[in-house]
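Each chain, written out:
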Amino acid sequence: MSIPTTTPESAVPAADPGPAVANLETIVSLAKRRGFVYPSSEIYGGINAVWDYGPLGVERKNNVKRAWWRSMVQERDDIVGLDAGILMHPQVWVTSGHVGSFSDPLVECATCRRRFRIDELPGAEGLSATDLRDETIVGRLGLACPVDGGALSAPRRFNLMFQTYMGPVQDEANIVYLRPETAQGSYVNFKNVQQSSRRKLPFGIAQIGKSFRNEISPGNFVFRMREFEQMEMQYFVRPGDAAAAAFEEWLPRRRAWYERHGVSPSRLRLREHAPDELAHYAKKAVDVEYRFPFGWKELEGVHNRGDFDLGSHARSSGENLEYFDPVSEEHYVPWVVETAAGADRAAFTVLIDSHHEEEVKGETRVVLRLHPDLAPYKVAVLPLLKKRPEIVDLCHRIKDDLKRDLMAVYDDTAAIGKLYRRQDEIGTPWCVTVDVDSLEDGAVTVRDRDTMRQERIPVARIRRAILDRMEAARAD
Ligand code: ATP
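Only a predicted model underlies this, so the values are computations on that prediction, with no experimental measurement involved.

Criteria and cut-off values
By convention here, each chain's residues receive numbers from 1 onward along its written sequence. Only residues with pLDDT of at least 70 are given local features in this predicted model, and only at 80 or more are side-chain atom pairs given and counted; all residues enter the totals for whole chains, interfaces and linings. Side-chain numbers here rest on the full set of heavy atoms in the structure, without hydrogens or water. For every residue, the predictor states its confidence as a pLDDT score lying anywhere from 0 to 100. Two residues qualify as a contact provided that any one of their heavy atoms is within 4.5 Å of a heavy atom in the partner residue. In this analysis, rings of Phe, Tyr and Trp, with Trp reduced to its six-membered ring, are considered paired at centre separations within 6.5 Å, and the interplanar angle assigns stacked below 30 degrees, edge-to-face beyond 60, and tilted for intermediate values. Numbering of helices and strands runs from the N terminus; a helix is a DSSP stretch of H or I covering at least four residues, while a strand is a stretch of E covering at least two. To define a nonpolar core, start from buried Ala, Val, Leu, Ile, Met, Phe, Trp, Tyr and Cys residues and group those joined through side-chain atoms within 4.5 Å. Three labels apply to residues, based on accessible area from a 1.4 Å probe with only protein chains included: buried if under 20% of the type maximum, exposed if over 50%, partly exposed otherwise in between. What a helix is expected to span follows from its residue count: subtract one and scale by 1.5 Å. Within this analysis, the arc is defined by the directions that extend from the helix axis to the C-beta atoms. Two strands make a pair as long as DSSP finds a minimum of two bridges between them. Polar contacts here mean pairs of N or O atoms no more than 3.5 Å apart (in protein, one a potential hydrogen donor and the other a potential acceptor; neighbouring residues in sequence count only if both atoms are side-chain atoms). Here the axes come from fitting lines to C-alpha atoms, over the contacting stretch only for helices, and the angles between their N-to-C directions go from 0 to 180 degrees. Put simply, a salt bridge is a Lys or Arg side-chain nitrogen that is within 4 Å of an Asp or Glu carboxyl oxygen. Domains are outlined according to an automatic or database domain assignment. Accessible surface is computed with a 1.4 Å probe, and the buried area is the amount of it that two parts give up when combined, taken over both parts together. Each residue receives one of three labels: charged for Asp, Glu, Lys and Arg, nonpolar for Ala, Val, Leu, Ile, Met, Phe, Trp, Tyr, Cys and Pro, and polar for the others, Gly being one of them.

Peer 1: A description of the confidence of the model for the protein chain should follow, citing residues and the corresponding values.
Peer 2: Taken over all residues, the pLDDT of the protein chain has a mean of 93, while the share at 70 or more is 97%. Taken together, the stretch residues 4-12 has pLDDT below 50 and engages in 34 contacts with residues farther than four places along the chain or on a different chain.

Listed below in structure tokens is the structure:
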């Protein structure tokens, strides 16, 4: 959770690698054209900061979520999953501090009435949290409306939670909130999970799910949305040194997760929150940042939250949320180390970072070098001659066989060169081409997206060959 950790643009480090794609528009137009992301409710003019995932986008985002779940839950013995409700008891958000202080500093233009997050205005980059609380900041920095130059109001706090009513009566007593983070579901279920799954500390609870924030200045495509998905893990540990040690383990592990899934190490960095930027309960917070086309921005936060969460919920609910440590025979309130990532932001990052344009035989080839685990389709099966029914038939048999294990598609709507380029542009790691010889020798050509190398493989071995390649990519 980010009570109010506005993320000032950090100083550019000595060696700025530059963004993978100079112009964000390249990604926005590819995303729309190829069916990764569309503006929500587009036929009605769209709705600000909500985006819909198209056929390829939903595959990619599901793959990101699967990859996260695999490394956080499936491959670990000490983390279990949870899927808590989006609507929770309203007291949860009072206790967590969200009702009181989950807000951003907002300024309003006196002439055009547009509202801005003050730390996102030109001239206000890099402000400290103390600056952001300063009522005289607009005058002190001489800030003006970036649209029409109008005078700006003093900053005031704007709560980011969406609220609605539960039941038929729309009054104060029935207000409920759309959760702005998944973490609270893990805290209030701590005892349920610990006891039902017989967990000993340290152990973690992982969740993936929708969160909602009424962001003041959303933007940069799917970077900052009002409805988005988070992938958060709360790791419960013994108070004190154990939490500090767990933090130091989780931070490099989380950075490595992005690298393992193909994000350039040079475009990742860690940024520690300054003391005055830390949320009031946080002992330590470090962001994993990525060099987006619009600057270094947070991809994920790793936080040592102390006993704030379980301690506050215990006091507020009257439930005893202490843990009995069978080794030390002590009762204590566990501390929490949190890893808080965004599924949309991670999916966006891999889309940007995998985008390459290169010259091949005098033509520009656009290729998404997505990690095979994240690619929407793993294989495209293509006929060299679509007029030959035996070739088309063999293509469908190969594709159907592959589909038992992974996403495979058939396409015959263009000549082979064009079909390859189309698959390159959406990141399909392998194309399988069936030609006339295949009917004689029972072999097909497998083309690698990145090297463009082609290899002849017997039809009977195709499925195994692709699965081996997938496994090899995962082991890299
Ligand atoms: P920011 O400073 O970008 O607003 P935050 O510090 O508020 O982020 P957290 O509360 O730590 O973020 O949320 C964890 C993660 O959830 C973020 O690192 C990000 O990946 C994702 N996230 C948060 N807000 C949004 C949003 N409005 N749109 C998309 N993803 C988001």
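Additional details are given in the paragraphs that follow.
Peer 1: Any details on the packing of aromatic side chains? Residues and values, ideally.
Peer 2: Overall, the coordinates contain 15 aromatic pairs when judged by the stated rule. Each ring, one from Phe-221 and one from Phe-348, has its centre 5.7 Å from the other, and the planes form 70°; the classification is edge-to-face. In this pair, Phe-221 is assigned in the loop between strand 9 (203-212) and strand 10 (227-237) and Phe-348 in helix 11 (residues 343-353), connecting sequence segments 127 residues apart. Aromatic pair Tyr-235 and Trp-250: ring centres 5.6 Å apart, planes at 70°, arrangement edge-to-face. Of this pair, Tyr-235 sits in strand 10 while Trp-250 sits in helix 9 (residues 241-260), placing them 15 residues apart in sequence.

Peer 1: How would you sum up the nonpolar core? Please name residues and give values.
Peer 2: Counting 64 residues, the largest nonpolar core has Met-231, Trp-250, Tyr-258 and Phe-348 as its most contacted members. When near neighbours in sequence (up to four residues on either side) are disregarded, Met-231 contacts Val-64, Lys-65, Trp-68, Gln-207, Ile-208, Trp-257, Thr-339, Ala-340, Ala-341, Gly-342, Ala-343 and Ala-346. Counting 21 residues, the second-largest nonpolar core is a separate cluster that includes Ile-391, Val-432, Ile-457 and Ile-466.

Peer 1: Give me helix 15 (residues 462-475): which residues, what numbers.
Peer 2: A rise of 1.5 Å per residue sets the reference length of helix 15, with its 14 residues, at 20 Å; its end C-alpha atoms lie 20 Å apart and thus fit the reference within 8%. Every buried residue belonging to helix 15 is among Ile-462, Ala-465, Ile-466, Met-470 and Ala-473, and all of these are buried. All buried residues of helix 15 fall inside an arc of 140° around its axis, so they share one side. When the buried face of helix 15 is taken as reference, the exposed residues oriented beyond 90 degrees from it are Glu-471 and Ala-475. Elements that come into contact with the buried residues of helix 15 comprise strand 19 (379-383), helix 12 (389-403), strand 21 (430-434), strand 22 (443-448) and strand 23 (454-458).

Peer 1: Which residues make up the pairing of strand 17 (residues 355-360), and what values go with them?
Peer 2: In the sheet, strand 17 pairs with strand 18 (residues 363-368) via six bridges, with the strands oriented antiparallel. Counterpart to Glu-357 in the pairing with strand 18 is Val-366. Between strand 17 and strand 18, which pair antiparallel one after the other, the connecting turn spans two residues, and Lys-361 there sits at a positive phi close to 45°.

Peer 1: Kindly report on helix 1 (residues 24-33), identifying the contributing residues and their values.
Peer 2: Considered for burial, the residues of helix 1 that qualify are Leu-24, Ile-27, Leu-30 and Ala-31. Each buried residue of helix 1 sits inside an arc of 130° when the element is viewed along its axis, so together they form one side. Check the buried side of helix 1 and you find it contacts strand 1 (37-39), helix 11, strand 17, strand 18 and helix 13 (416-426). Looking at where helix 1 begins, the residue whose side-chain oxygen comes 3.0 Å from the main-chain nitrogen of Glu-25 is Asn-23. At the C-terminal side of helix 1, Gly-35 shows a positive phi close to 85°.

Peer 1: An account of the sheet that holds strand 20 (residues 408-410) is needed here, citing residue identities and associated values.
Peer 2: Strand order in this open sheet of five strands is 20-19-21-22-23, and the pairing throughout is mixed. Whereas interior strands pair on both sides, the edge strands pair on one side only; in this sheet they are strand 20 and strand 23. Pairwise comparison of adjacent strand axes, ignoring direction, gives a mean angle of 25° for this sheet. As paired elements, strand 19 and strand 20 share three bridges and run parallel to each other. Each residue of the ladder has a partner; that of Ala-380, found in strand 20, is Val-409. Strands strand 19, strand 21, strand 22 and strand 23 of the sheet are contacted by helix 15, whose axis makes an angle of about 130° with strand 23.

Peer 1: Talk me through unusual backbone geometry; I want residue IDs and the actual numbers.
Peer 2: Note: most peptide bonds trans; most residues except glycine with negative phi. Here the residue pair Leu-201 and Pro-202 is connected by a cis peptide bond, since its omega of -5° sits within 30 degrees of zero. Note that Pro-202 resides in the loop between helix 8 (190-196) and strand 9. Despite not being glycine, Arg-113 shows a phi value in the positive range, around 70°. Here Arg-113 lies in the loop between strand 4 (103-108) and strand 5 (115-117).

Peer 1: Requested: an account of the side chain of Arg-449, with residues and values cited.
Peer 2: Note on placement: Arg-449 falls in the loop between strand 22 and strand 23. Arg-449 gets classed as buried once you look at its relative accessible area, which sits at 3%. In terms of polar contacts, Arg-449 uses its side chain to reach the backbone carbonyl oxygen of Leu-368, at 3.3 Å. Only 2.7 Å separates the side chain of Arg-449 from the backbone oxygen of Gly-427, close enough to count as a polar contact. If near-sequence neighbours (up to four positions away) are discounted, Arg-449 is found in contact with Arg-365, Val-367, Leu-368, Arg-369, Leu-370, Asp-424, Gly-427, Thr-428 and Pro-429.

Peer 1: An account of the environment of Ala-245 is needed here, citing residue identities and associated values.
Peer 2: Note that Ala-245 resides in helix 9. The spacing of Ala-245 and Val-337 is 92 residues in sequence and 9.8 Å in space, taken between C-alpha atoms.

Peer 1: Any details on the pattern of salt bridges? Residues and values, ideally.
Peer 2: As enumerated under the stated definition, the model contains 50 salt bridges in all. A salt bridge links Arg-305 to Glu-338; its shortest N-O distance comes to 3.1 Å. Here the residue Arg-305 occupies a position in strand 13 (residues 295-306), and Glu-338 occupies one in strand 16 (residues 335-342), the gap between them amounting to 33 residues. The buried category is assigned to Arg-305, whose relative accessible area is 0%. We classify Glu-338 as buried; its relative accessible area is 0%. Here the residues in one salt-bridge network are Glu-358, Arg-365, Arg-369, Arg-421, Asp-424, Arg-447, Arg-449 and Asp-450, joined through shared partners.

Peer 1: An account of the domain arrangement of the protein chain is needed here, citing residue identities and associated values.
Peer 2: For the protein chain, the domain assignment lists domain 1 (9-88 + 179-351) and domain 2 (365-475). Each of domain 1 and domain 2 has a C-alpha centre, and these two points are 35 Å apart. Tallying the contact residues gives 15 residues for domain 1 and 14 residues for domain 2. Each partner contributes to the roughly 1400 Å² buried at the junction of domain 1 and domain 2, and carbon and sulfur atoms together form 63% of this total. Put simply, domain 1 and domain 2 have three salt bridges between them. When the shortest N-O distance is used, the salt bridge between Asp-373 and Arg-70 registers 3.4 Å. Counting the contacts that link domain 1 with domain 2 gives six residue pairs in polar contact (both at pLDDT 80 or more). When contributions to the side of domain 1 that touches domain 2 are tallied by element, the ones reaching two or more residues are helix 1, helix 2 (55-74) and helix 11. Sorting elements by how many residues they give to the side of domain 1 that touches domain 2 places helix 2 first, with seven residues. Among the residues making up the side of domain 1 that touches domain 2, the classes are represented as seven nonpolar, two polar and six charged.

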